[in-house]
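Examination of the molecular architecture
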Amino acid sequence: MRDLAGYTIAVAAEHPDRHELAARLRAVGAWPVDVRPVRAAGPADPDAVAEATHRAVARPVHDVVAFSAPGLRTWLRSAQEAGHGDRVAALLREARLVAHDVRAVGMLREMGLAPARPPARDPDRWLLDQPMAGRRVVAVVGSDHHREWCAALGRRGADVVVEVPTSRALPLPRAHELRRLWTGIVSGHVDAVALTGPTIAVDLLRRADADGVLDDVRDALTERVLVACLGPLTAAPLRERGVTPVVAAAPCLAGLLAALVEQVPGRGPTLDVDGHRVQIRSRSVAIDGLVVPVQAGPMTVLRVLARSPGRVTSSAEIRGASAAWSGVNDHAVEMAVSRLRRAFDDTPLAGVELVQTVVRRGYRLIA
């Protein structure tokens, strides 16, 4: 697996603090940034649950997939209230049951049923790897990203996939996290964005439009920042806006991680400096493959200069490249340049004048 050291990857999910993708990214050296544009909230639309339940009991079912115990409990209660309790109970007795977490397993066993438990590492992948042609599946979904999984089952040949929604994805009232994300994308502080569900993609674009930064964000996502999507449903809103994302081969954590690991390395400006290959990432510089961490201030200077190697860039231009620098003076830029030079003291660039000072004019990158 290729190393993502020095890359910053924003993970947009309903529960980013509990999302295993962030932990897996850390394991391969990346710096994940959690973003939560929406939240899963219950109850779901009762009419939608009732309609899905009616379709579920209309014909025999081969598989029932329960993503969580609370979601399964919500569905059973709704079915009972709608007068379908006995028919759903019969459906559960006759179908192959797949439980995605230990609590769902326990709940089904308490009901006298024998569920299958997919491997804990990648439960979303397990059923996708089974022969599904002609099978009818009922999925009790409780999260936005489960929609991608259901769509994938249909592409695998499942005859009918009935989604029983047990929650709704609602936008969060606070917007400061998203505004930091926009700033990071446009300024180059973020190398890639991982989107884990279609509602998340729609809401991110909607809020960027509302904040008046959609064009800047779209340009950055098209030219510099990789977007990796869990599946085609998540990618669709981006494609409608002219952004071409990378789509995971399978709508599961392993698939999304594999897409990031495959596509992120090699991104970022690459220069030939004194015979050395220098690649600029959001939090580091790779010199002939050696990853050198660089502080935020010096990194901002380097990113600005790397836009036009050899061209003299003024201190005012450098300050204007980052909102965090709006209140600093030329001396702060000078100190950042000094720290940038020192960052390469014990590297193959030691002794190389990477950044040249042009008196009374500014700085330029020698490449």
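Keep in mind it's a predicted model, so treat the numbers as computed, not measured.

Turning our eyes to something else, we now look at empty space enclosed by the protein. Tallying each qualifying case throughout the model produces two cavities of 30 Å³ or more. By volume, the largest cavity is sized at about 90 Å³. Around the largest cavity, the lining residues are Leu181, Trp182, Ile185, Val193, Leu195, Ala201, Leu204, Leu205, Val217, Leu221, Val227 and Leu238. Those elements that place two or more of their residues in the lining of the largest cavity are α8 (176–187), β9 (192–195), α9 (198–210) and α10 (214–223). Taken together, the residues of the lining of the largest cavity sort by class into twelve nonpolar, no polar and no charged. Of the volumes computed, that of the second largest cavity is approximately 30 Å³. Considering each element in turn, the lining of the second largest cavity owes the most residues, three residues, to helix α13 (residues 296–306).

Its location among the elements puts Ser315 in helix α14 (residues 315–320). Looking at Ser315, the relative accessible area reads 12%, which means it is buried. Contact partners of Ser315, with chain neighbours within four places excluded, come to Asp330, Val333 and Tyr363.

Another point: the layout of surface pockets. By rolling a water-sized probe across the atoms, one finds the places where empty space is left. By volume, the second largest pocket amounts to about 390 Å³. Around the second largest pocket sit 19 residues that line it, and Val33, Gly184, His189, Val190 and Arg283 are the ones nearest its centre. Listed by contribution, the elements that provide at least two residues to the lining of the second largest pocket are β2 (31–35), α8 and α13. When grouped by side-chain class, the residues that make up the lining of the second largest pocket number seven nonpolar, seven polar and five charged.

Our next topic: the nonpolar core. Residues Val64, Trp75, Leu91, Leu92 and Val138 are the most contacted members of the largest nonpolar core, which totals 28 residues. Sorting the residues of this core by element identifies α2 (46–56), β4 (63–66), α3 (69–81), α4 (85–94), β5 (96–99), α5 (102–110), β6 (136–141) and β7 (160–165) as the ones contributing at least two each. Broken down by element, the residue count for this core peaks at five residues, all from α3. The contacts of Val138, once residues within four sequence positions are left out, are Ala56, Val61, Asp63, Val64, Val65, Trp75, Val162 and Val164.

What follows covers the pattern of salt bridges. Scanning the entire structure with this criterion turns up twelve salt bridges. Between Glu20 and Arg24 there is a salt bridge; the shortest N-O distance is 3.2 Å. You can see Glu20 and its partner Arg24 sitting in helix α1 (residues 20–27), four residues apart, about one turn around the helix. Classification of Arg24 by relative accessible area gives buried; the value is 6%. Between Arg207 and Asp203 there is a salt bridge; the shortest N-O distance is 2.9 Å. Linking Arg207 with Asp203, this pair stays in helix α9, spanning four residues, or about one helical turn. Like Arg207, the residue Asp203 is buried in the burial classification. Each of Asp63, Arg96 and Arg135 takes part in salt bridges that share partners, so that together they form one network.

What counts and how
- Residues numbered from 1 in each chain as written.
- Predicted model: local features only at pLDDT ≥ 70, side-chain atom pairs only at ≥ 80, totals over all residues.
- Heavy atoms only, no water.
- 1 Å grid on protein atoms, 1.4 Å probe; cavity = no way out; pocket = protein on both sides within 12 Å on 5 of 7 lines; lining within 4 Å.
- Points joined across faces, edges and corners; volume = space filled by probe spheres on them.
- Helix = DSSP H or I, 4+ residues; strand = E, 2+ residues; numbered from the N terminus.
- Nonpolar A, V, L, I, M, F, W, Y, C, P; charged D, E, K, R; others polar.
- Buried < 20%, exposed > 50% of the residue type's maximum accessible area, 1.4 Å probe, protein only.
- Contact = heavy atoms within 4.5 Å.
- Core = buried A, V, L, I, M, F, W, Y, C linked by side-chain atoms within 4.5 Å.
- Salt bridge = Lys/Arg side-chain N within 4 Å of Asp/Glu carboxyl O.

From the geometry alone we can't say anything about function, so treat these as descriptive.
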